[in-house]
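# An overview of the molecular structure
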Amino acid sequence: MQKDYIYIILADDDEDDILFFTDAFDELKINTKVNSFKDGEELMNYLNKDNALMPNVLFLDLNMPKKTGIECLAEIKASQKMSDIAIAIYSTSASDDDIEKTFVLGANIYIKKPSDFKKLKKVLSEVVAINWQYHTNALNKDNFLLRL
Amino acid sequence: MIMNNWFKSTLFLKIILLLSLFVILVIGGLTFRHISNLTSSTEVVVKTYKVNLELEQIISYLRDAESGYRNYIVTKDTFYIESYLNAHKKVNNSFLNLRNLIKVNSEQQENLKILNKLTDSLFSSFAESKVFVKNDETNTETFKTLFFKEKVIIDSIRRQSMVMFQLENKLLNERQKEFQSDLKFTPLFFYVVLLIMLLLIIIAYTKISNDLKNIKAKNDQLLIFKESTNQSEIIGKHGNWVWHIDSDKYVYSDNLYRLLGEEPQSFEATFDNFLKFVHPDDVDKFAEELDKMIDEEELPFTNYRIIQKNGSIKYLKAFAKSFYGDDGQKILLGNTSDVTDEIENILTLEEQNLELEQNNKELSAFNYAASHDLQEPLRKILTFISRLEEKESDKFSDTGQQYLEHIKAAASRMRLLIDDLLQFSRTNKPDKEFVNADLNELFENAKQDLTEIISEKKAQIKIATLPKATVIDFQIQQLFLNLLSNSLKYSKEETAPIIKIYYSKVEADKEPSLYKAPQSHYHKITFTDNGIGFDQKYAKKIFDLFNRLHNKQDYSGTGIGLSICKKIIQNHKGFIFANGEINVGSVFTIYLPVN
């Protein structure tokens, strides 16, 4: 399916964060379409549908009800049709444990939610601009966590 | 040593015994010889007298024969011939006796033969002349010659018997002399031998009594030793046992019975009897370990439980060593101690430790969760503030603007605090992995994180070449980061910060501040700055949690950074010291153990 926009999915149970997220993309003036889900189960139900449109980038919060981000990540990477989705972990914390776990499971980048809206916009624009093919090849533990 | 003496002493006594036996044998032999000498001497004397008697008898018989013969010549009465013939028979008898008596003496035998010949020739001459008497031809010349010849023969017989008599006397004299000299030395000899015997007996007696005295002293010592062993067994709650493996005999010390809760020696010391006390769960293990002890000379301690008759369970620890006794028998010598108190203490301690660990974990988890969960609302507050500032600031009054600024400052500070607390609780986490890391690299990483503030403050950082060391890498990086940011934070307003880092490897003995150090060598890294410094009296306090020397309006510290440093250094079993002088600068010295 051809499309002239970047399709972005955000899975996050926090409404405020969804608001910041969509606002940031609105202000960024990049041709994007943002779809959001309130928990992991909702996200996986959508992705598992036969005709589901696969996102260019999936932003995945870790701490979600019903199905955690880690569970979603593992399922996505285990599925043939979804395994190519670029996954950006989008979490409040950046504990070593979480970083290690998600890296091993095959996430593409780890973003610690910024506490400044300007910074948020910067981070999102950068992530959207990433050439995933190139990024994934050069991925290692040190550049996995996005630093600004 | 004792064995050696003992051995010497027995050897000595054996020698004395052998000597005594030898002396007694010698005395017996000599006495026997003397007595038999005496007997033979007496026999010789008797024999000599017998010889002399026989000789004298021969002479006397001859005389009888001669007188009978003469009477016959004068009277021509045949009655005299009878006595003459009788005499002849008796002479022959005496010859036989004599021959027996002088069997051993060849010289006398020769003499006897001569005598015999003489008597024979005398009797044949008598017989010849008898014919003349019968025919009454006594006046003939032939008879007279014959008669004269007889007289000559008789004289010869007398002489010959005299010779024999003298020879026999001479022999007797010689023997008596010999016998006399033997008799003279015998008492002296016996006396000397008896003296030697007496001496030997005295020596043996003193030796034996000395040995006995020694043995008694040793026995006393042994008794004392046994008593003290008993005491120490009771006090130390241990007992010993001996197992003569080949004969399968056991000996248990009194206290071993007490350990089992029994009266000393109240039951027979056997394996089966002991096994009755062993906890059912430990029986197999116990028997197995005992088997191993037989084969191997030394084994680590065996721990097992026993159940006393009153039901109380005791923990015992046994150790045994096998060796061969003097008689080549294999012996297992064991020591068993009651470690119930120890085990119970350890169990209590372990329990307490576990509890403490649990508490610590909970505290750490709480700290982490609290800091972590606090971050989320705070982040939102900050993001909303940034949105407010961006979009709505022109709608605020000046006061409102000011309030907003204060809200922002307070929230930022809270964020800083939470970050630091999170960091602090992370240094408390138990999963610390030591790796061999290049400290230069860790320092560069730390410096990288501070690029912004370094360029902003135009700070100069001069660093010596650091070594490689076995450390928890992310913690050391954090340590460098905290020390650097501390120096940058507390710099003088008008002066660009100059931070110098020195390195040397030092011996603990040569560093006065390391007098308590357990290691011999340390990496010494010194951070010096030209900042505002601090009063030396706070040198220890600045490492305490939430301790701040300056107000938060001027300096943004949370009072956690240096506590984290201290924690990290403690995790590495190192040391950290601070030296400060107000308005001159601070020196932070860290010591990390080499390896």
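Reference entry: report on the structure contained in this document. Please read all numbers here as calculations on a predicted model, not as lab measurements. (Residues numbered from 1 in each chain as written. Chains lettered and ligands numbered in written order. Predicted model: local features only at pLDDT ≥ 70, side-chain atom pairs only at ≥ 80, totals over all residues. Heavy atoms only, no water.)

## Some points on the overall build of chain A
Secondary structure assignment for chain A yields seven helices and five strands. Starting at the N terminus and walking to the C terminus, you meet the elements of chain A as β-α-β-α-β-α-β-α-β-α-α-α. A buried classification covers 49% of the 148 residues belonging to chain A. Taking the intrachain contacts of chain A between residues at least 6 apart in sequence as the baseline, contacts between residues at least 24 apart amount to 70%. (Helix = DSSP H or I, 4+ residues; strand = E, 2+ residues; numbered from the N terminus. Buried < 20%, exposed > 50% of the residue type's maximum accessible area, 1.4 Å probe, protein only. Contact = heavy atoms within 4.5 Å.)

## Regarding the overall build of chain B
Helices and strands together make up the secondary structure of chain B, namely 13 helices and 12 strands. Across the 595 residues that make up chain B, the buried fraction comes to 37%. When contacts within chain B are restricted to residue pairs at least 6 apart in sequence, long-range pairs at least 24 apart make up 66% of them. Of the roughly 36,500 Å² of accessible surface on chain B, 57% is carried by carbon and sulfur atoms. (Areas by Shrake-Rupley, 256 points an atom, 1.4 Å probe, with all protein chains shown as cover.)

## Considerations on helix α2 (residues 40–48) of chain A
Residues and elements named next belong to chain A. If you check which residues of α2 are buried, you get Gly40, Leu43, Met44, Tyr46 and Leu47. Here the buried residues of α2 occupy an arc of 160° about the axis, which is enough to place them on one side. Packed against the buried residues of α2 are β1 (6–11), β2 (32–37), β3 (57–60) and α3 (69–78). Its side-chain oxygen placed 2.9 Å from the backbone nitrogen of glutamate 41, aspartate 39 serves as the N-cap of α2. (Arc of directions from axis to C-beta. Polar contact = N/O pair within 3.5 Å; in protein donor to acceptor, adjacent residues only side chain to side chain.)

## Examining helix α13 (residues 561–571) of chain B
For α13(B), the complete set of buried residues consists of Leu562(B), Ser563(B), Ile564(B), Cys565(B), Ile568(B), Ile569(B) and Asn571(B). Lys573(B) sits one or two residues past α13(B) and shows a positive phi near 55°.

## Section: the packing of aromatic side chains
Under the defined criterion, the tally for this structure stands at 24 aromatic pairs over all chains. Ring centres 5.2 Å apart and planes at 50° place the aromatic pair Phe301(B) and Phe319(B) in the tilted group. Note that Phe301(B) is positioned in the loop between α7 (283–295) and β3 (302–307) and Phe319(B) in strand β4 (residues 313–324), a separation of 18 residues in sequence. Counting every residue linked through ring pairs, the aromatic cluster contains Trp243(B), Tyr250(B), Tyr252(B), Tyr257(B), Phe267(B), Phe271(B), Phe274(B), Phe277(B), Phe286(B) and Tyr304(B). Stacked on the ring of Phe301(B), the Lys or Arg Lys317(B) has its end atom at 4.5 Å from the ring centre. It is Arg387(B) that lies over the ring of Phe117(A); its NZ or CZ is 3.6 Å from the centre. (Phe/Tyr/Trp six-rings, centres within 6.5 Å; stacked < 30°, edge-to-face > 60°. Lys NZ or Arg CZ within 6 Å of the ring centre and 35° of its normal.)

## Notes on the pairing of β1(A)
The side chains of a regular strand alternate between the sheet's two faces. Residues and elements named next belong to chain A. For β1, the tally of buried residues reaches five of six residues, placing the bulk of the element in the interior. As paired strands, β1 and β2 are joined by six bridges and run parallel to one another. The residue bridging leucine 10 from the neighbouring strand is serine 36, located in β2. What joins β1 to β2 is helix α1 (residues 15–28), and the crossover it makes is right-handed. Note: β1 against β3, four bridges, orientation parallel. (Pairing = 2+ DSSP bridges. Right-handed = clockwise from strand over helix to strand, strands pointing away.)

## Examining the interface of chain B and chain A
The partner chain A presents 19 residues to the 17 residues of chain B that form the contact. Of the roughly 1,700 Å² buried between chain B and chain A on both sides combined, carbon and sulfur atoms contribute 46%. Where chain B meets chain A, there are eight residue pairs in polar contact (both at pLDDT 80 or more). Elements represented by at least two residues in the side of chain B that touches chain A include exactly α8 (340–392) and α9 (398–427) of chain B. Sort the elements by how many residues they give to the side of chain B that touches chain A and α8(B) lands first, with 13 residues. (Buried area = accessible area lost by both parts, 1.4 Å probe.)

## Looking at the sheet that holds strand β7 (residues 460–463) of chain B
Within a beta sheet, neighbouring strands are joined by backbone hydrogen bonds and run either parallel or antiparallel to one another. All names here are of chain B. Pairing is mixed in the open sheet, where five strands are placed in the order β7-β9-β10-β12-β11. The sheet terminates laterally at β7 and β11 (575–581), the two strands that pair on one side only. For this sheet, the mean angle separating the axes of adjacent strands, direction not counted, is 15°. Judged from the seven bridges that link them, strand β10 (residues 521–529) and strand β12 (residues 585–593) form a sheet pairing that is antiparallel. Bridge assignment links threonine 528 to a residue of β12, and that residue is valine 587. The strands touched by helix α12 (residues 473–489) are β7, β9 (498–507), β10 and β12; relative to β12, the strand with the most contacts, the crossing angle is about 170°. (Axes fitted to C-alpha atoms, helices over the stretch in contact; angles between N-to-C directions.)

## Observations regarding unusual backbone geometry
All names here are of chain B. Phi is positive for aspartate 248, which is not a glycine, with a value near 55°. Judged by relative accessible area, aspartate 248 falls into the partly exposed class, the value being 48%. Despite not being glycine, asparagine 583 shows a phi value in the positive range, around 65°. Within the element layout of this structure, asparagine 583 appears in the loop between β11 and β12.

## Topic: the nonpolar core
All names here are of chain B. By size, the foremost hydrophobic cluster in this structure holds 39 residues, and its most contacted members are Leu439, Ile476, Leu479, Phe480, Phe527 and Phe588. Breaking this core down by element, the ones donating at least two residues are α10 (439–449), β8 (468–471), α12, β9, β10, α13, β11 and β12. When residues of this core are assigned to their parent elements, the largest contribution, seven residues, is made by α12. In this structure phenylalanine 480 touches Leu439, Leu442, Phe443, Ala446, Leu466, Ile525, Phe527 and Ile590, once residues within four positions along its chain are discounted. Within the second largest apolar cluster, 32 residues are counted, among which are Leu55, Ile59, Leu101 and Leu122. (Core = buried A, V, L, I, M, F, W, Y, C linked by side-chain atoms within 4.5 Å.)

## Remarks on a negative patch on the surface
Judged by side-chain charge, Asp284(B), Glu288(B), Asp291(B), Asp295(B) and Glu296(B) come together as a negatively charged surface patch. Here Glu288(B) shows up in helix α7. (Patch = residues over 30% accessible without salt bridge, like charges linked within 9 Å, V, L, I, M, F, W, Y side chains within 5 Å. Salt bridge = Lys/Arg side-chain N within 4 Å of Asp/Glu carboxyl O. Lys, Arg positive; Asp, Glu negative; His and termini not counted. Charge placed at Lys NZ, Arg CZ, Asp CG, Glu CD.)

## Observations concerning the packing of α12(B) against α13(B)
Residue and element names in this part refer to chain B. Running from amino to carboxyl end, α12 crosses α13 at an angle of 145°, the nearest separation of the two axes being 9 Å. Relative to α13, the crossing made by α12 is left-handed. Contact residues: α12 offers Gln475, Ile476, Gln478, Leu479, Asn482, Leu483 and Asn486, while α13 offers Gly561, Leu562, Ile564, Cys565, Ile568, Ile569 and Asn571. Its residues placed into classes, the contact of α12 with α13 shows eight nonpolar, six polar and no charged. (Left-handed = near helix turned anticlockwise from the far one by under 90°. Nonpolar A, V, L, I, M, F, W, Y, C, P; charged D, E, K, R; others polar.)

## A short note on the pattern of salt bridges
Inspection of the entire model under this criterion finds 22 salt bridges over all chains. Between Lys66(A) and Asp39(A) there is a salt bridge; the shortest N-O distance is 3.9 Å. One end of the pair, Lys66(A), is in the loop between β3 and α3; the other, Asp39(A), is in the loop between β2 and α2, and 27 residues separate them in sequence. For Lys121(A), the salt bridge identified is with Glu390(B), shortest N-O distance 3.8 Å. You can see Lys121(A) sitting in helix α5 (residues 117–129) and its partner Glu390(B) sitting in helix α8, one on each of two chains. You can call Glu390(B) partly exposed: its relative accessible area is 34%. Here the salt bridges do not stand alone but share partners, grouping Asp12(A), Asp17(A), Asp61(A), Lys113(A) and Arg379(B) into one network.

## Observations concerning the sheet that holds β4(B)
All names here are of chain B. The strand order across the open sheet formed by five strands is β2-β1-β5-β4-β3, and the pairing between neighbours is antiparallel. Bordering the open sheet on either side are β2 (249–252) and β3, each of which pairs with just one other strand. Sheet twist, expressed as the average angle between the axes of neighbouring strands with direction ignored, equals 25°. Examined bridge by bridge, β3 and β4 share six bridges and lie antiparallel to one another.

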